[in-house]
Every structure is written in structure tokens, then in C-alpha cells.
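Chain by chain, the residues:
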Amino acid sequence: MRTAGTAPGTRPDADALLATAGWTRGDDGRWQDGGEPVRLVVGAAAERPADIAVAENVAAQLDAAGIDTTVVAPTGVALFSQATVPPIPLHPAVLAARQ
């Protein structure tokens, strides 16, 4: 099911949102934040092969968009016990684009 906010043609431009958040592209075309490469980690539970496949797909898409991404697949218990890490607040430009 699609909503008006996610319909093709109505999505905000990702590059513009990242640039508004202060990210820039390095000489290699990869995204940077404050001159440092942006690196994301996508986690999936090792005992859930379908979740690992989704994580690998997401990582491939992010990599193609210029964001270094690593997939980790610890056990579900180890992965979800890390939920105590505080969330990263969204940049105001991202929040504004959601409205």
C-alpha cells in the first residue's frame, strides 16, 4: 500500500536532503559528513536468513548511492540486546521533508 508521501514522483530528492543536512560528496563520489566518510551498519539476526538477505539488499542500495555500509549478522539475542544505544536524532531538514 502506498501513501501520497511515498508515491513515485512525490518523494523528496535524497541527495538534496543529505546536502541540506550538511553532507557532501568527496572526490570519490562517496558521501561525507564533516569531511569524514559516512559509514552505516545494518544488522540482521543470524538465524533469520531472509532478514540477512534484506539487509544485504539495503546495504547494496546504500553503497550504490555513495554510502559505505556494512552488514552484521550476530545472533538475534546479541543484536537486539544492543537496543540500549541512544537513537540518533533526525536532522531538521529531514523532519521538514516528512511533513
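This text goes with the structure placed above it.
So, here is what we can say about the structure in this document. All residue numbers refer to positions counted from 1 along the written sequence of the respective chain. For a predicted model such as this one, the threshold for reporting local features is a pLDDT of at least 70, and the threshold for listing and counting side-chain atom pairs is 80 or more; totals across whole chains, interfaces and linings nevertheless cover every residue. Note: side-chain values were computed over all heavy atoms of the structure, leaving out hydrogens and water.

**Points about the overall build of the chain**
Here's step 1: Secondary structure elements follow DSSP: runs of H or I no shorter than four residues count as helices, runs of E no shorter than two count as strands, and numbering proceeds from the N terminus. A tally of regular secondary structure across the chain gives 4 helices and 5 strands.
Here's step 2: Each residue is assigned to one of three classes by its accessible area relative to the maximum for its type, calculated with a 1.4 Å probe on protein chains only: buried under 20%, partly exposed between the two thresholds, exposed over 50%. Out of the 99 residues belonging to the chain, those deemed buried represent 17%.
Here's step 3: Once local pairs closer than 6 in sequence are excluded, the contacts in the chain between residues at least 24 apart make up 56%.
Here's step 4: Each accessible area is a Shrake-Rupley result for a 1.4 Å probe, and residues are judged covered by the shown protein chains and nothing else. Carbon together with sulfur atoms contributes 60% to the accessible area of the chain, which is approximately 7100 Å² in total. A contact between two residues is defined here by any heavy atoms of the two lying within 4.5 Å.

**Some thoughts on the sheet that holds strand β2 (residues 31-33)**
Here's step 1: Whether two strands pair comes down to DSSP finding at least two bridges between them. Taken in spatial order, the 3 strands line up as β1-β2-β3 in an open sheet, and their pairing is antiparallel. If you trace the sheet from one side to the other, it starts and ends with β1 (23-25) and β3 (36-37), each paired once.
Here's step 2: Sheet topology places β1 next to β2; 3 bridges connect them, and they run antiparallel. The residue bridging Thr24 from the neighbouring strand is Gln32, located in β2.

**What about the packing of aromatic side chains?**
Aromatic ring pairs are described here by two measures, namely the spacing of the ring centres and the angle between the planes.
Here's step 1: Here is the rule: rings of Phe, Tyr and Trp (six-membered ring for Trp) pair when centre to centre is within 6.5 Å. Planes less than 30 degrees apart are stacked, more than 60 are edge-to-face, and the remainder are tilted. Taken as a whole and judged by the stated rule, the model has 1 aromatic pair.
Here's step 2: Ring geometry for Trp23 versus Trp31: centroids 6.4 Å apart, planes at 55°, classification tilted.
Here's step 3: Given a relative accessible area of 4%, Trp31 falls into the buried group.

**A few points about the pairing of strand β4 (residues 39-43)**
Here's step 1: When β4 meets strand β5 (residues 68-72), the two strands line up parallel, connected through 5 bridges. Bridging from a neighbouring strand, Val42 pairs with Val71 of β5.
Here's step 2: Seen with the strands pointing away from the viewer, any crossover whose path from the first strand over the helix to the second strand runs clockwise is right-handed. Note on the crossover from β4 through helix α2 (residues 49-64) to β5: the handedness is right-handed.

**Description of the environment of Leu40**
Here's step 1: Within the fold, Leu40 resides in strand β4.
Here's step 2: As for Leu40 and Val71, which are separated by 31 residues in sequence, their C-alpha atoms are 8.7 Å apart.
Here's step 3: Leave out the neighbours within four places in its chain, and Leu40 touches Leu62, Ile67, Asp68, Thr69 and Thr70.

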